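Analysis of the macromolecular model
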Amino acid sequence: MNLQPAPSGTVRGDHRLVADLVTPRARVLDIGCGDGELLDLLVREKQVDGRGIELSQAGVNACVARGLSVVQGDADRDLSDYPDDAFDFVILSQTLQATYAPRQVLQELLRIGSNVIVSFPNFGFWRNRLQLMFKGSMPVTDYLPYSWYDTPNIHFCTIRDFVSMCDEVDARMVRSMALNARGEPVGFTAPWWVWNLIGEQALFLLKRS
Amino acid sequence: MTNETTVDPGAGTSEPLSAPANEADTPSSKVERFGGDKALQLDCGTLLDPWQIAYETYGTLNAERSNAVLVCHALTGDQYVASPNPLTGKPGWWSMLVGPGRPVDTDRYFVICANVLGGCLGTTGPASTNPQTGRRWGLDLPLVTIRDMVRAQAVLLDHLGIETLFAVVGGSMGGMQVLQWAVSYPERVFSALPIAAAARHSSQNIAFHEVGRQAVMADPNWCGGRYFERGVRPSKGLAVARMAAHITYLSDPALHRKFGRNLQDRDAITFGFDADFQIESYLRHQGMTFVDRFDPNSYLYVTRAMDYFDLGADYGGSLARAFLHSPTRFCVMSFTSDWLFPTAESKAVVRALNAAAANVSFVEVESDRGHDAFLLDEPEMFRTVTGFLTGAAHARGIAPPPAGGLA
């Protein structure tokens, strides 16, 4: 993988990485776009034709008030409304683990987008493993601050798990990178099992095979 | 009330009618008259020739003619969106949303609002004089549809030399016109803001309208729609229609908060049918003031136009096909407590727009004021309209308002 430039200014590290993957003036759908920070970055810097889906009404209203095209909706339910190849890039940032049916969601992403960018927390990160092994309790970290009973993250996976799901749904991995909690890339080439241990999150660019 | 002494010239009586008599033919606002090659082909098959359309404008059309905003009014609205209504003297019905420094900023945009076809404040409607007979149209006027209203507005815009609208904005029936605009003239609509609307009128809503129409027609003074000639007016019927409709514009929590079971100017119930409760008194007041400004036949026509509205029906029942290849930017808005045009109706529009890969935003505004919320002080709505229009204006290259504007 390539080394990425260090995050600049106030742009979140993983947002910068995503922005670097998106081609200028592309049609982009950001699923789980929150208050529109990433979408706004893409519209400003890459002049994309950007759309968003956001579950929280507060997030949607904030997005529309800043001039973004965003609808209230849900990755599990509302992706089926979109036609095939509706977008050049579909982005699912830090949301896959919160969906009810991640595999179906990924299939829908591959259907409606020519390129799919997915980022998710890596449950195989060494600190998570240590907490489970030595404390015997579900990991709670700064990056994953929820207790098991109130977490929105109902389908955690490791980088290795995600890679095998990509195989199952015929997704081709174009780019992949392991990131730290701040969204900075781990910056060196390593075998999968190393990334699966040291990556706190992961970012993938996928295409249909 | 400026019109209380207005006398219908054709009635042969000096009885004050409180009818918008003169306003129907010679409105206080701007008006354009069309005929001949500008005759209006109606959906019912009839050619309306001649006809006229009354409208108001606010702000200035820029040199590029790129900043025109069409505001579409609701069932009983009018062209006086941001200026006083000549009959009631009340401020424009959407003056909180439209005006200098407002979300629809008249320092930045050129705003046009026309009375709908079938209305009674200067656009051809049943209260207008039929030039063929010299009498008022009454029920001789062909039935009109939402699409006919939009066609009439398009002719007006042609006349004004406006090819593309920067935005079409409207609530309720106004929102229906917005959607119809986007489907009928997609290339003429840069952005569309349908608020508290639907792509078709529901069975329940048709039912409420039918109650209203039957109330009007059951009034002996309706006279088969020829009340003007008889020098009478079905005010009671129209007032009842308005009372019933008004309930549908509110919500149970809003009514409860405002009136509860409070008594009107009395300490105890009277064991009679006087207006014991505040809510009764309020509704009676709503009914009585409405009849002063609205023509009963017009109420029949415009409610019918809403009933007939079904945007997907013209496209094999597929709303998505209606919007296919739409270049328009949409912002669909609904209110949580609106049970007349509930969020589900707006979401159906959004789903169809997504399926058509159209550019759409959707905002549901939290409010307990029911359908009427779109006409009220709802800061979340204002923020959304401001944000959406500002983003669209940027995309369209419309200059920001002069410094000092609130937007």
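Parameters and conventions
- Residues numbered from 1 in each chain as written.
- Chains lettered and ligands numbered in written order.
- Predicted model: local features only at pLDDT ≥ 70, side-chain atom pairs only at ≥ 80, totals over all residues.
- Heavy atoms only, no water.
- Helix = DSSP H or I, 4+ residues; strand = E, 2+ residues; numbered from the N terminus.
- Contact = heavy atoms within 4.5 Å.
- Areas by Shrake-Rupley, 256 points an atom, 1.4 Å probe, with all protein chains shown as cover.
- Lys, Arg positive; Asp, Glu negative; His and termini not counted.
- Charge placed at Lys NZ, Arg CZ, Asp CG, Glu CD.
- Domains from an automatic or database assignment.
- Buried area = accessible area lost by both parts, 1.4 Å probe.
- Salt bridge = Lys/Arg side-chain N within 4 Å of Asp/Glu carboxyl O.
- Polar contact = N/O pair within 3.5 Å; in protein donor to acceptor, adjacent residues only side chain to side chain.
- 1 Å grid on protein atoms, 1.4 Å probe; cavity = no way out; pocket = protein on both sides within 12 Å on 5 of 7 lines; lining within 4 Å.
- Points joined across faces, edges and corners; volume = space filled by probe spheres on them.
- Nonpolar A, V, L, I, M, F, W, Y, C, P; charged D, E, K, R; others polar.
- Core = buried A, V, L, I, M, F, W, Y, C linked by side-chain atoms within 4.5 Å.
- Buried < 20%, exposed > 50% of the residue type's maximum accessible area, 1.4 Å probe, protein only.
- Pairing = 2+ DSSP bridges.
- Phe/Tyr/Trp six-rings, centres within 6.5 Å; stacked < 30°, edge-to-face > 60°.
- Lys NZ or Arg CZ within 6 Å of the ring centre and 35° of its normal.
- Axes fitted to C-alpha atoms, helices over the stretch in contact; angles between N-to-C directions.
- Right-handed = clockwise from strand over helix to strand, strands pointing away.

1. Some words on the overall build of chain B
In terms of helices and strands, chain B carries 12 helices and 12 strands. The dimensions of chain B, computed from C-alpha atoms along their principal axes, are 60 × 55 × 50 Å. In chain B, the share of contacts with a sequence separation of at least 24, taken over all contacts with a separation of at least 6, comes to 72%. Entry remark: accessible area of chain B is about 15700 Å², with carbon and sulfur atoms responsible for 53%. Side-chain charges in chain B split into 33 positive and 42 negative, and the spacing between the mean points of these groups amounts to 2 Å.

2. Brief notes about the domain arrangement of chain B
All names here are of chain B. Domain assignment breaks chain B into domain 1 (25–203 + 310–396) and domain 2 (208–302). Tallying the contact residues gives 31 residues for domain 1 and 29 residues for domain 2. The contact between domain 1 and domain 2 buries some 2600 Å² in all, and 62% of this surface belongs to carbon and sulfur atoms. Among the ionic pairs, Glu229 bridges to Arg135, the shortest N-O distance being 3.6 Å. Between the two partners, domain 1 and domain 2, sit 14 residue pairs in polar contact (both at pLDDT 80 or more).

3. Remarks on the layout of surface pockets
Residue and element names in this part refer to chain A. Estimated volume of the second largest pocket: approximately 780 Å³. Taken together, 32 residues form the lining of the second largest pocket, with Gly32, Ser93, Gln94, Thr95 and Ala98 sitting closest to its centre. Mapped by element, the contributors of at least two residues to the lining of the second largest pocket are strand 1 (27–31), helix 2 (37–46), strand 2 (49–54) and helix 4 (75–78). Considering only residue class, the lining of the second largest pocket consists of 15 nonpolar, 10 polar and 7 charged.

4. Describing the nonpolar core
In this structure, Leu106, Leu109, Phe162 and Leu206 of chain A together with Trp181 and Phe323 of chain B are the most contacted members of the largest nonpolar core, which totals 118 residues. Sorting elements by how many residues they give to this core places helix 2 (residues 146–160) of chain B first, with 8 residues. Looking at which domains feed residues into this core, each of domain 1 (25–203 + 310–396) and domain 2 (208–302) of chain B gives three or more. In this structure, Leu109 of chain A is in contact with Ile31, Leu79, Val90, Leu92, Val116 and Val118 of chain A, ignoring residues within four places of it in sequence. With 42 residues, the next largest nonpolar core counts Tyr58, Val98, Phe166 and Ala373 of chain B among its residues.

5. Let's talk about the pairing of strand 7 (residues 201–208) of chain A
All names here are of chain A. Of all 8 residues that make up strand 7, 6 are buried, and the element is covered over most of its length. Two strands pair when backbone bridges link them, and strand 5 (residues 113–121) and strand 7 are joined in this way by 6 bridges, in the antiparallel orientation. Each residue of the ladder has a partner; that of Val116, found in strand 7, is Leu206. Both strand 6 (residues 171–179) and strand 7 contribute to a ladder of 8 bridges, which runs antiparallel. Bridged to Met177 within strand 7 is Leu203.

6. Focus on the environment of Ala86 of chain A
All names here are of chain A. Of note, Ala86 is situated in the loop between helix 4 and strand 4 (87–93). Using a relative accessible area of 8% as the deciding quantity, one classes Ala86 as buried. Each C-alpha atom, one on Ala86 and one on Gly113, is 6.2 Å from the other, the two residues being 27 residues apart in sequence. Setting aside its immediate chain neighbours within four residues, Ala86 contacts Arg27 and Ile112.

7. Here's the deal with the packing of aromatic side chains
Geometrically, a pair of aromatic rings is defined through the distance of the ring centres and the angle of the planes. Within the structure shown, the criterion is met by 22 aromatic pairs over all chains. Between Phe120 of chain A and Phe162 of chain A, the ring centres sit 4.6 Å apart and the planes meet at 40°, which makes this aromatic pair tilted. Of this pair, Phe120 of chain A sits in strand 5 while Phe162 of chain A sits in helix 7 (residues 159–168), and the two are 42 residues apart along the sequence. In this structure, Phe120 of chain A and Phe162 of chain A share a single accessibility class: buried. Judged by centre distance (6.1 Å) and plane angle (25°), the ring pair of Phe166 of chain B and Phe190 of chain B falls under stacked. A residue pair is termed long-range when its members are at least 10 positions apart, and Phe166 of chain B in strand 9 (residues 165–171) and Phe190 of chain B in strand 10 (residues 189–195) qualify at 24 residues. Through a chain of ring-to-ring contacts, the aromatic side chains of Phe120, Phe162, Trp192, Trp195 and Phe204 of chain A assemble into a single cluster. Looking at Arg188 of chain B, its charged tip hangs above the ring of Tyr185 of chain B, at a distance of 5.9 Å from the centre.

8. What to know about the sheet that holds strand 8 (residues 110–114) of chain B
The 8 strands are arranged 1-4-8-5-9-10-11-12 (chain B) in an open sheet whose pairing can be described as mixed. One side of each edge strand has no neighbouring strand; the edge strands of this open sheet are strand 1 (30–34) and strand 12 (359–365) of chain B. Between one strand axis and the next, the sheet turns by 20° as a mean value, whatever way the strands run. Helix 3 (residues 57–65) of chain A rests against strand 11 (329–335) and strand 12 of chain B of the sheet, and its axis sits at about 125° to strand 12 of chain B.

9. Quick notes on empty space enclosed by the protein
The tally for this structure, following the rule as stated, stands at 3 cavities of 30 Å³ or more. Looking at the largest cavity, the residues that line it are Leu29, Arg51, Gly52, Val71, Tyr82 and Phe87 of chain A together with Asn354, Ala358 and Val360 of chain B.

10. Section: the sheet that holds strand 3 (residues 69–72) of chain A
Residue and element names in this part refer to chain A. If you walk across this open sheet you meet the 7 strands as 3-2-1-4-5-7-6, and the pairing is mixed. Only two strands of the sheet have a single neighbouring strand rather than two, namely strand 3 and strand 6. For this sheet, the mean inter-axis angle between neighbouring strands, taken without regard to orientation, is 15°.

11. Side note on the environment of Leu205 of chain A
Locating Leu205 of chain A in the fold gives a position in strand 7. C-alpha separation for the pair Leu205 of chain A and Phe89 of chain A, spaced 116 residues apart in sequence, amounts to 9.5 Å.

12. Observations regarding the pairing of strand 5 of chain A
All names here are of chain A. The buried count for strand 5 comes to 8 of 9 residues, which makes it a mostly enclosed element. Alignment of strand 4 against strand 5, held across 6 bridges, turns out to be parallel. Paired with Phe87 across the two strands is Gly113, which belongs to strand 5. Handedness of the crossover joining strand 4 and strand 5 through helix 5 (residues 102–112): right-handed.

13. Thoughts on the pattern of salt bridges
Taken as a whole and assessed by the stated rule, the structure comprises 30 salt bridges over all chains. One salt bridge in this structure joins Arg51 of chain A and Asp49 of chain A, with 3.3 Å as the shortest N-O distance. Arg51 of chain A sits in the buried class, given a relative accessible area of 10%. Linked through salt bridges whose partners overlap, the residues forming this network are Asp43, Arg147, Asp148, Arg151 and Asp314 of chain B.

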